[in-house]
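Reading the structure
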Amino acid sequence: MPKHTKHSTLSKALKTSNGENTVDELKIDRAGLQKLLWTEIEVKFNRYIKTMFEELLEVELSSHIGALRHERSDKRTGYRNGSYSRSLGTLHGQIEDIAVPRLREGTPDYQLFDRHKRRAPSVDEAIGTLFLNGVSTRKLKQVAKDLIGIPLSSSTASTISQKLGEEDLKEFNERRLTDEYLCIFLDGISAKTKKLGIESDMILAAVGMKTDGNKEILGGRLVESESKEDWCAFVMELKQRGLTGRNLKLAVTDGNAGLIAALKQVYPFVKRQRCIAHKLRNVAVKVRRQNQKMCVGEVKLIFAAKSKTEAIKRFKKWKENWETYEERAVSCLEKDLYECLTYYSFDEKWWKKIRTTNIIERSFREVRRRTRPMSIALEPHATERMFSGIATNLNRNWNQKS
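So, how was this worked out
- Residues numbered from 1 in each chain as written.
- Predicted model: local features only at pLDDT ≥ 70, side-chain atom pairs only at ≥ 80, totals over all residues.
- Heavy atoms only, no water.
- Helix = DSSP H or I, 4+ residues; strand = E, 2+ residues; numbered from the N terminus.
- Buried < 20%, exposed > 50% of the residue type's maximum accessible area, 1.4 Å probe, protein only.
- Contact = heavy atoms within 4.5 Å.
- Salt bridge = Lys/Arg side-chain N within 4 Å of Asp/Glu carboxyl O.
- Lys, Arg positive; Asp, Glu negative; His and termini not counted.
- Axes fitted to C-alpha atoms, helices over the stretch in contact; angles between N-to-C directions.
- Parallel < 35°, antiparallel > 145°, perpendicular 65-115°, else oblique.
- Left-handed = near helix turned anticlockwise from the far one by under 90°.
- Nonpolar A, V, L, I, M, F, W, Y, C, P; charged D, E, K, R; others polar.

1. Some points on the environment of Ser200
- Summarising the element assignment, Ser200 is placed in strand β4 (residues 198-210).
- Look at Ser200 and you get partly exposed, because its relative accessible area is 44%.
- Once you skip the residues sitting within four places of it in the chain, Ser200 turns out to touch Ser190, Ala191, Lys192 and Glu224.

Printed below as a string of structure tokens:
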């Protein structure tokens, strides 16, 4: 596992002499702690700008000599000869060790460095927006035009966006997790990806909810299926990243057998709640069309009961009324009824939040909103990057509202 400087540094800063992480006992200087946090952000921001500048220098050099790296072209006017390092002062701090490509003869005076000194405040704002909200190809093309005076093609902008997003993806899926979650929601969402053809893969996703009601998308991995092996690997990764389950009380899932088996193996003592939205859909497809409205409507009343005892009474009455006419639907609900009613074991204020995996469904609407209008299937790495970018933005928005 990679080292996580931020968390280890904060842990040392907060740790008392007797080993307890209590801010009150230490009387930490808030200004000092805030400086520490912003230092971490600044380091990441500078690394982001460095990567972007190096890619833009490559674009400018390619334009100067009329050929991309390793491209055979009759229009080529020069050949690359490695690079040298230089630093660059910016409004965001000093950027060290920028790799500047050079030519065998006549390395150009790069427009990036000249234009950077007199760029408009709007360019700084755009760079900050790219960093905070994830890479936007459209905004990146505008920044490039302002900095190097060369319009980027969509494919070149996408290539740069990919390099900028890869590190964010790695950080999102490998960041340390705290062990303070009351509940986790787990679900797999279909995602069409472009391989040899268009294939339907799955993104395994996890959302955690803390005891104060705050929620966070913990991770997402693209896999080919929701097998037990894939779910075990994903859930075990969450545990290794810090979600040991010491304070975990509930896992909310659909009825996927691989996921349930994985939870039994990794978190055997955590209660499970079967998503009632999934269960209602499962019941509905087993009911004949002429009976659906009435039959499924009565099922919804079961989950609207004020207590578990009342819910069971309503189920028994529903079963008595419908078992003769809709045996398959009754059997479908009965076999999972116990796990469908787990939420009654918790405080009533949590019931609506913990009895479905809708929180994950809502999170994925943004992914679908971005891809459906374009009628595209992204390559696997692009799909994961899009998910991590959207998830990071959602986490930031959720934290701001708390």
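Next comes the rest of the description.
2. Here we look at unusual backbone geometry
- Of note, the phi angle at Asp97 is positive, near 55 degrees, even though the residue is not glycine.
- Mapped onto the elements, Asp97 comes out in strand β2 (residues 93-103).
- On the accessibility criterion, Asp97 (52% relative accessible area) is exposed.

3. Remarks on the environment of Leu112
- If you trace the backbone, Leu112 turns up in helix α4 (residues 111-117).
- Among the residues examined, Leu112 registers a relative accessible area of 0% and is labelled buried.
- Sequence separation of Leu112 and Ala144 is 32 residues, and the distance between their C-alpha atoms is 8.8 Å.

4. What to know about the pattern of salt bridges
- What the rule picks out here adds up to 14 salt bridges.
- With a shortest N-O distance of 3.5 Å, Lys210 and Glu180 are connected by a salt bridge. Residue Lys210 is found in strand β4, and its partner Glu180 is found in the loop between α7 (154-174) and β3 (181-194); the two are separated by 30 residues along the sequence.
- Two residues, Arg274 and Glu339, come together in a salt bridge whose shortest N-O distance is 3.7 Å. With Arg274 in strand β7 (residues 271-274) and Glu339 in helix α14 (residues 337-340), the pair connects residues that are 65 residues apart, well separated along the chain.
- Overall, the relative accessible area of 18% leaves Glu339 in the buried class.
- Linked through salt bridges whose partners overlap, the residues forming this network are Arg272, Arg274, Lys279, Lys335, Asp336 and Glu339.

5. Points about the environment of Gly245
- Locating Gly245 in the fold gives a position in the loop between α8 (228-240) and β6 (250-253).
- A relative accessible area of 15% places Gly245 in the buried class.
- Spatially, the C-alpha atom of Gly245 lies 9.9 Å from that of Pro268, the residues being 23 residues apart in sequence.
- When near neighbours in sequence (up to four residues on either side) are disregarded, Gly245 contacts Asp179 and Tyr267.

6. Regarding the side chain of Arg355
- When you line up the elements, Arg355 lands in the loop between α15 (351-354) and α16 (358-371).
- Lacking a salt bridge, the buried Arg355 has Glu348 as its closest oppositely charged neighbour, with an N-O distance of 8.8 Å.
- Ignoring any residue separated from it by four or fewer positions in sequence, one finds Arg355 in contact with Val252, Gln273, Arg274, Cys275, Ile276, Phe303 and Tyr343.

7. Brief notes about the packing of helix α10 (residues 276-284) against helix α11 (residues 292-302)
- Where α10 meets α11, the closest approach of the two axes is 10 Å, and the angle between their N-to-C directions is 150 degrees. Overall, the two elements α10 and α11 adopt an arrangement that is roughly antiparallel. Remark: the crossing between α10 and α11 carries right-handed chirality. Touching Leu280, Val283 and Ala284 of α10 are Gln292, Val296, Val299 and Lys300, all from α11.
- Across the contact of α10 with α11, the residue classes tally to five nonpolar, one polar and one charged.

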